[in-house]
Amino acid sequence: MGLFERFRRRSTGGPTALRARLEGAMAKRRLRGWNPPLENINALVASGGPRLLARSRELVVTNGYAANACEAFAANLVGDGIKPSSLIEDGTLRERVQRLWLAWTDEADADGLTDFYGLQAMVAREMFMAGECFVRLRPRRIEDGLQVPLQLQLLQSEMLPFEKTETAANGNRIRCGIEFDRVGRRVAYHFRRRHPGDSTDQRGAVPETVRVPAESVLHIYRPIDAGQIRGLPHVAPAMVRLFLLDQYDDAELDRKKTAAMFAGFITKTAPEEPMMGEGAADTEGAAIASLEPGTMQVLLPGEDVKFSSPADVGGGYEAFQYRTLLAVSASLGLPYHLVTGDVRQANYSSLRAELVEFRRRIGQLQHGVIVHQLCRLVWRRWLETAVLTGAIDLPGFAAAPAPFLAAQWIPPRWDWVDPLKDIQAQVLAMEAGITSRRKVVEATGYDIEEVDRENAADARRSADLGLRYRTSPGETQGARATPSRLPDPGTDGPDAGAQSDEE
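Residues numbered from 1 in each chain as written. Predicted model: local features only at pLDDT ≥ 70, side-chain atom pairs only at ≥ 80, totals over all residues. Heavy atoms only, no water.

K.L.:
Would you mind going over a nonpolar patch on the surface in detail, with residue names and values included?
P.N.:
Residues Val 240, Phe 243 and Leu 244 make up a contiguous nonpolar surface patch of about 300 Å² in total accessible area. As for its position among the elements, Phe 243 is in helix H7 (residues 239-260). (Patch = residues over 30% accessible without salt bridge, like charges linked within 9 Å, V, L, I, M, F, W, Y side chains within 5 Å. Areas by Shrake-Rupley, 256 points an atom, 1.4 Å probe, with all protein chains shown as cover. Salt bridge = Lys/Arg side-chain N within 4 Å of Asp/Glu carboxyl O. Helix = DSSP H or I, 4+ residues; strand = E, 2+ residues; numbered from the N terminus.)

Have a look at this one:
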């Protein structure tokens, strides 16, 4: 067996030949200068995190493409809110829980600036700019008068120092401001008491950081690598291109401004003789001659006029911009038209294909990050607080809370390029049994039980008022409609139409 193994290795070239076939591992002339360090992502974040964060925030504030991409990212990720639909089996209890939640969402923000769904949008923007956001769960007193004595406080990434890596007094490890126990679980966050870049927050001498237990903090970020403990800005892959493109655009604007200042230079053989339109000389002996519309200027013998001819941007400027912004859009994972607002080269098929892929990625973030790291945990703490404070009575919650905590989170509905075709496709899928009506309704961003209640209420109100519309809830609509009873063939005359309407 040993002889056969040696023969096999010799015939195939052995491990050396295998390494040679890995082109990315070659060290020949083309790749000789490509020697990246083998560093963990946590080391990269710890060393470059503060500078990357500062550049990212400045870029989103000052660069139009980055600002538009940030808003598009947040609008598609959370829209008007990812909303819960309780799965409590008791309909009465479920209705009470939903109503209490709806009332509390207006009081969720500790700063009182927005509601719970507005906080979701702020978290999405922070993920784009900073890669992460911290949400602190702040219990309140009963006398504060809240529906449920719980509020949420958003903390920016700068509030958790990247450079705080040490061993705590209790023996736990602190890495980039996060304290881990001996088995690797997060037990606390060491937040700054003030934002390092806020010069308006002047406080007295206080400890630089404060320890906050991990059960009171939600860390929302998208982990890219296994073991990653801090987030990276979503805009990071496109930052350099956006910055350099912005500088290039500014230079082109200045060049166009200079070219618009059409200038001419006059050479005179007799400087003492003034030229028509020439003004008085300045302190350095230079004078300016201006031309007015319709002027016919006659030059003296020996005088000459030369006009400036600045270089034009050329015909490749727009193509260069288009290709660069395509690369930026690919780096951001956003469709080109969402970053630039340019839909000149788009059609229905290209827009739909682009949006389908983009929405797959957004769906990953919605359910894997926003719902899992934010919505689900807020819902649990909110319901526990509501039961403990008597805001709602859920018999059996203390013994078995799981059935009461179950909820389905419904993301905002997608608006398609041609909604008629999509609705027709959904109707056909329901009729063929491929999907259920619940899934179709929830895909639009609404709760099917709420829709059914509204339809029933509309039907009762219409019947009580004697109103009849072209379509009614629950009826088959359009050309596919089939009457419940065929008309009597012997019935003829003006009463036939009235009879069919009544049916």
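K.L.:
If you had to explain the packing of helix H4 (residues 64-77) against helix H10 (residues 348-388) to someone new, which residues and values would you point to?
P.N.:
Between H4 and H10, the shortest axis-to-axis distance is 10 Å and the interhelical angle comes to 70°. It follows from the interaxial angle that H4 and H10 lie roughly perpendicular. Of the two possible hands of crossing, H4 and H10 adopt the one that is right-handed. On H10, the residues touching Phe 73, Asn 76 and Leu 77 of H4 are Phe 358, Ile 362, Leu 365, Gln 366 and Ile 370. (Axes fitted to C-alpha atoms, helices over the stretch in contact; angles between N-to-C directions. Parallel < 35°, antiparallel > 145°, perpendicular 65-115°, else oblique. Left-handed = near helix turned anticlockwise from the far one by under 90°. Contact = heavy atoms within 4.5 Å.)

K.L.:
Can you tell me about the nonpolar core, naming the residues and giving the values?
P.N.:
Formed by 61 residues in total, the largest nonpolar core has its most connected members in Trp 104, Phe 128, Ile 370 and Trp 382. Among the elements that make up this core, the one with the highest residue count is H10 (13 residues). Discounting residues that sit within four places of it in the chain, Trp 382 has contacts with Val 97, Leu 100, Trp 101, Trp 104, Val 148 and Leu 150. Within the second largest apolar cluster, 13 residues are counted, among which are Leu 155, Phe 180, Val 212 and Ile 229. (Core = buried A, V, L, I, M, F, W, Y, C linked by side-chain atoms within 4.5 Å. Buried < 20%, exposed > 50% of the residue type's maximum accessible area, 1.4 Å probe, protein only.)

K.L.:
Run through the packing of helix H6 (residues 116-129) against H10, naming residues and quoting values.
P.N.:
Axis separation between H6 and H10 bottoms out at 12 Å; the angle between their running directions is 145°. Every pair of crossing elements has a handedness; the one defined by H6 and H10 is right-handed. Along its contact with H6, which presents Phe 116, Gln 120, Val 123 and Met 127, the element H10 presents Val 369, Ile 370, Leu 374, Cys 375 and Val 378. Tallied by class, residues from the contact of H6 with H10 come to eight nonpolar, one polar and no charged. (Nonpolar A, V, L, I, M, F, W, Y, C, P; charged D, E, K, R; others polar.)

K.L.:
Can you tell me about the confidence of the model for the protein, naming the residues and giving the values?
P.N.:
Detailed conclusions should not be drawn from predicted coordinates in areas where pLDDT is low. When pLDDT is averaged along the protein, the result is 83; 78% of the residues meet or exceed 70. Per-element confidence in the protein is highest for strand S9 (residues 217-221), whose mean pLDDT is 97, and lowest for helix H15 (residues 495-502), whose mean pLDDT is 46. Of the regions scoring below 50 in pLDDT, residues 477-482 engages in five contacts with residues more than four places distant in sequence or in other chains. (pLDDT = per-residue confidence, 0-100.)

K.L.:
Would you mind going over the pattern of salt bridges in detail, with residue names and values included?
P.N.:
Summed over the entire model, instances satisfying the criterion amount to 22 salt bridges. Close ionic contact of Glu 357 with Arg 361 constitutes a salt bridge, the shortest N to O distance being 3.7 Å. Of this pair, Glu 357 and Arg 361 both sit in helix H10, four residues apart, which is roughly one turn of that helix. Under the relative-accessibility criterion, Glu 357 is labelled partly exposed at 37%. Note that Asp 458 is salt-bridged to Arg 461, the shortest N-O span being 2.5 Å. Residue Asp 458 and its partner Arg 461 are both found in helix H14 (residues 448-465); the two are separated by three residues, about one turn of the helix. A cluster of three or more residues bridged by salt bridges with shared partners is formed by Arg 57, Glu 126 and Glu 158.

K.L.:
So what's going on with the side chain of Asn 63? Residues and values would help.
P.N.:
As for its position among the elements, Asn 63 is in the loop between helix H3 (41-62) and H4. Of the polar contacts made by the side chain of Asn 63, one reaches the backbone nitrogen of Tyr 65; its length is 3.0 Å. With sequence-adjacent residues up to four places away left out, Asn 63 is seen in contact with Glu 58, Leu 242 and Asp 246. (Polar contact = N/O pair within 3.5 Å; in protein donor to acceptor, adjacent residues only side chain to side chain.)

K.L.:
Explain the environment of Pro 335 to me, and be specific about the residues and the numbers.
P.N.:
Secondary-structure assignment places Pro 335 in the loop between helix H8 (317-332) and helix H9 (336-340). Spatially, the C-alpha atom of Pro 335 lies 8.6 Å from that of Leu 351, the residues being 16 residues apart in sequence. In this view, Pro 335 contacts Ser 329, Glu 354, Leu 355 and Phe 358; residues no more than four positions away in its chain are not counted.

K.L.:
A description of the packing of aromatic side chains should follow, citing residues and the corresponding values.
P.N.:
All chains considered together, the criterion is met by 18 aromatic pairs. The interplanar angle of 80° and the centroid separation of 5.2 Å between the aromatic rings of Trp 101 and Phe 116 together place this pair among those described as edge-to-face. On the criterion of sequence distance, the pair formed by Trp 101 in helix H5 (residues 91-105) and Phe 116 in helix H6 is long-range, its members being 15 residues apart. The two residues Trp 101 and Phe 116 agree in class, both being buried. Ring centres 5.5 Å apart and planes at 70° place the aromatic pair Phe 116 and Tyr 117 in the edge-to-face group. No difference in accessibility class separates Phe 116 from Tyr 117, as the two residues are buried. (Phe/Tyr/Trp six-rings, centres within 6.5 Å; stacked < 30°, edge-to-face > 60°.)

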